Amino acid sequence: MKLLQIALMLGLVTLLAGCGTTTTSRTASGAAAGAATGAAVGSLSANAGKGAAIGAAAGALGGYIVDQNEKEKERQRRY
């Protein structure tokens, strides 16, 4: 059950990381979603603070990667 919850939360983070149109907004939305998800997952192991910190870092990285992917797609459409 915990594995399913973690998988669903990570999927949500991935979807929310794509929100926004700039690098900053995509990275920030990813960090916020990651922090929330990390806190939820961390609370399952009685360490919500550590989970939130790890989730925020992972979410920010995910948001940045999504942003770079979207920018590359846009460059390819222009050519």
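Residues numbered from 1 in each chain as written. Predicted model: local features only at pLDDT ≥ 70, side-chain atom pairs only at ≥ 80, totals over all residues. Heavy atoms only, no water.

**Student:** How should I be thinking about the overall build of the chain in this particular structure?
**Tutor:** Check the secondary structure of the chain and you find three helices and zero strands. Secondary structure elements in the chain, listed N-terminal to C-terminal, are α-α-α. Within the chain, buried positions represent 19% of all 79 residues. Looking at the chain alone, contacts between residues at least 24 apart form 53% of all its contacts between residues at least 6 apart. Summing over all exposed atoms, the chain offers an accessible surface of approximately 5100 Å²; the carbon and sulfur share of this is 68%. (Helix = DSSP H or I, 4+ residues; strand = E, 2+ residues; numbered from the N terminus. Buried < 20%, exposed > 50% of the residue type's maximum accessible area, 1.4 Å probe, protein only. Contact = heavy atoms within 4.5 Å. Areas by Shrake-Rupley, 256 points an atom, 1.4 Å probe, with all protein chains shown as cover.)

**Student:** Is there a simple way to explain the confidence of the model for the chain in this structure?
**Tutor:** Close inspection of predicted coordinates is inappropriate in any region flagged by low pLDDT. Residues of the chain with pLDDT of at least 70 account for 77%, and the chain-wide mean is 77. Of all the helices and strands in the chain, helix α1 (residues 2-17) carries the lowest mean pLDDT, 65, while helix α3 (residues 48-78) carries the highest, 84. (pLDDT = per-residue confidence, 0-100.)

**Student:** Looking at this structure, I do not really get the pattern of salt bridges. What am I missing?
**Tutor:** Any two side chains of opposite charge can pair, so long as their charged atoms come close to each other. Enumeration according to the criterion identifies five salt bridges in this entry. Across the pair Lys71 and Asp67 runs a salt bridge whose closest N-O atoms are separated by 3.5 Å. With Lys71 and Asp67 both in helix α3, this residue pair falls four residues apart, about one helical turn. For Asp67, a relative accessible area of 0% corresponds to the buried category. A salt bridge links Arg75 to Glu72; the shortest N-O distance between them is 2.7 Å. Of this pair, Arg75 and Glu72 both sit in helix α3, three residues apart, which is roughly one turn of that helix. (Salt bridge = Lys/Arg side-chain N within 4 Å of Asp/Glu carboxyl O.)

**Student:** Would you mind showing me how to read helix α2 (residues 23-44) here?
**Tutor:** An α-helical turn contains 3.6 residues, so a residue and the one three or four places further along point in the same direction. Taking 1.5 Å per residue as the helical rise, α2 with its 22 residues ought to reach 32 Å, and the 31 Å between its terminal C-alpha atoms agrees with that figure. For α2, every residue scored as buried is listed here: Arg26, Gly30, Ala33, Gly34, Thr37, Gly38 and Gly42. Buried residues in α2, looked at end-on, bunch into an arc of 165°, giving them a common side. Just beyond α2, the residue with positive phi is Ala46, at close to 60°. (Expected span 1.5 Å × (residues − 1). Arc of directions from axis to C-beta.)

**Student:** Would you mind showing me how to read a nonpolar patch on the surface here?
**Tutor:** Taken together, Leu61, Tyr64 and Ile65 make up a surface patch of nonpolar side chains, about 300 Å² in accessible area. With respect to the helices and strands, Tyr64 occurs in helix α3. Residue class for Tyr64 comes out partly exposed when judged on its relative accessible area of 39%. (Patch = residues over 30% accessible without salt bridge, like charges linked within 9 Å, V, L, I, M, F, W, Y side chains within 5 Å.)

**Student:** Looking at this structure, how should I read the packing of α2 against α3?
**Tutor:** A packed helix pair is summarised by two numbers, namely the angle formed by the two axes and the spacing between the axes. Contact geometry for α2 and α3: axes closest at 5 Å, N-to-C directions at 150°. When the axes of α2 and α3 are compared, the pair comes out roughly antiparallel. Relative to α3, α2 is oriented so that their crossing is right-handed. (Axes fitted to C-alpha atoms, helices over the stretch in contact; angles between N-to-C directions. Parallel < 35°, antiparallel > 145°, perpendicular 65-115°, else oblique. Left-handed = near helix turned anticlockwise from the far one by under 90°.)

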